[in-house]
Amino acid sequence: MRPSQRNQILDAAIRVTERDGITGLTLESAAEEAGVTKGGLMYHFRTRDELLVAIQRHLTDAWEDHLTAELGKPLAEASPHEAVEAYIRVGMHGSASKADLAFMVESATKPELAEVWDDLIGRWAPPPASTEPRDIDLLLARLAVDGLWLGEATGGIPLPEPVRKALQDRLLALVEADAG
């Protein structure tokens, strides 16, 4: 099997999760959606748990790609406030999906899934290093974006575009004010 089939299976498994929820995701349903045999799927993912971790990595890799593109340079060259600015801009795009939400919820009871997401957050918006207002403001901005994302993922009332823009501007101003 080619690596492209691995991604094809992961994308298919995400579609199943979007449609049927995480409880509807089985090796059989993912294989059927991907148009491969169960044996073909098991070549890449021997168990459902392996598939779940691979999906979580696939989802966070997509986030990482968006964050890196928004940042415009390698994360290693960015300051903490630049990284959080990218996190704010990406998080404000309103791209929450049912699959993202399902895997976030599943992470609450599966440490191996939480570890994948925690690794991403730890690089892009780590917990404060101190109680200094500038460090707390970075956390506050991240939590506001996470809250908006969660609200949208759970079907909350969408914000009108002018309000979304004003919120993003305010969060960016909060982070930029602490850059100096």
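See above for the structure.
What counts and how
- Positions within a chain are numbered from 1, following the residues in the order the chain's sequence is written.
- With the structure being a predicted model, the display of local features is reserved for residues of pLDDT at least 70 and the display and counting of side-chain atom pairs for 80 or more, all residues being used for whole-chain, interface and lining totals.
- Only hydrogens and water are set aside; all other atoms, that is, all heavy atoms of the structure, feed into the side-chain values.
- Aromatic contacts are taken between Phe, Tyr and Trp rings whose centres are within 6.5 Å, Trp giving its six-membered ring; a plane angle under 30 degrees counts as stacked, one over 60 as edge-to-face, and the others as tilted.
- Counting from the N terminus, the helices are DSSP H or I runs at least four residues long and the strands are E runs at least two residues long.
- Burial status follows relative accessibility: with a 1.4 Å probe on protein chains alone, a residue under 20% of its type maximum counts as buried, one over 50% as exposed, and anything between as partly exposed.
- Here a cavity denotes grid points, spaced 1 Å and computed from the protein atoms alone, that fit a 1.4 Å probe unable to get out, and a pocket denotes an open set having protein on both sides within 12 Å along at least 5 of 7 lines; residues with an atom within 4 Å of a point are the lining.
- Grid points are joined across faces, edges and corners, and a volume is the space filled by probe spheres set on the points.
- Each residue is assigned to one class: nonpolar for Ala, Val, Leu, Ile, Met, Phe, Trp, Tyr, Cys and Pro, charged for Asp, Glu, Lys and Arg, and polar for all the others, Gly among them.
- Identification of polar contacts relies on pairs of N or O atoms within 3.5 Å, with a donor-acceptor requirement for protein atoms, meaning one able to donate a hydrogen and the other able to accept it, and with residues adjacent in sequence counted only if both atoms are side-chain atoms.
- As a rule, the C-alpha atoms of each element are fitted with a line to give its axis, helices using only the stretch in contact, and angles between N-to-C directions run from 0 to 180 degrees.
- Convention used here: angles under 35 degrees read as roughly parallel, angles over 145 as roughly antiparallel, angles from 65 to 115 as roughly perpendicular, and any remaining angle as oblique.
- In this analysis, two residues are considered to be in contact whenever any of their non-hydrogen atoms come within 4.5 Å of each other.

Got a minute to help me understand the packing of aromatic side chains in this structure?
Within a pair of aromatic rings, the relevant descriptors are the distance that separates the centres and the angle that separates the planes. With the rule as written, the count across this model stands at two aromatic pairs. Ring centres of tryptophan 63 and tryptophan 117 lie 5.7 Å apart, and the angle between their planes is 85 degrees; on these two criteria the pair is classed as edge-to-face. Linking tryptophan 63 in helix H4 (residues 48-71) with tryptophan 117 in helix H7 (residues 111-124), this pair joins segments that are 54 residues apart in sequence. Side by side, tryptophan 63 and tryptophan 117 carry an identical accessibility label, which is buried. Counting every residue linked through ring pairs, the aromatic cluster contains Trp63, Tyr87 and Trp117.

How should I be thinking about empty space enclosed by the protein in this particular structure?
Unfilled space is identified by rolling a water-sized probe across the atoms. Within the structure shown, the criterion is met by one cavity of 30 Å³ or more. In this structure, the largest cavity encloses a volume near 60 Å³. If you trace the largest cavity, you find it lined by Gln56, Leu59, Thr60, Trp63, Asp100, Phe103, Met104, Trp117 and Trp149. Sorting the residues of the lining of the largest cavity by element identifies H4 and helix H6 (98-107) as the ones contributing at least two each. A per-element tally of the lining of the largest cavity places H4 first, with four residues. Partitioning the lining of the largest cavity into residue classes produces six nonpolar, two polar and one charged.

How should I be thinking about the environment of serine 79 in this particular structure?
For serine 79, the location among the structural elements is in the loop between H4 and helix H5 (80-91). Taking relative accessible area as the criterion, serine 79 reaches 22% and is therefore assigned partly exposed. In this structure, the C-alpha to C-alpha distance between serine 79 and arginine 15, residues 64 residues apart in sequence, is 36 Å. In terms of polar contacts, serine 79 uses its side chain to reach the side chain of histidine 81, at 2.8 Å.

Would you mind going over the packing of H4 against H7 with me for this structure?
The angle between the axes and the distance between the axes are what describe a pair of packed helices. Relative orientation of the contacting elements H4 and H7 amounts to 10 degrees, with a least axis distance of 9 Å. Regarding the angle of H4 to H7, the classification is roughly parallel. Contact with H4, carried on its side by Leu52, Val53, Gln56, Arg57, Thr60, Trp63, Glu64, Leu67, Thr68 and Leu71, involves Glu112, Leu113, Val116, Trp117, Leu120, Arg123 and Trp124 of H7 and no other residues of that element.

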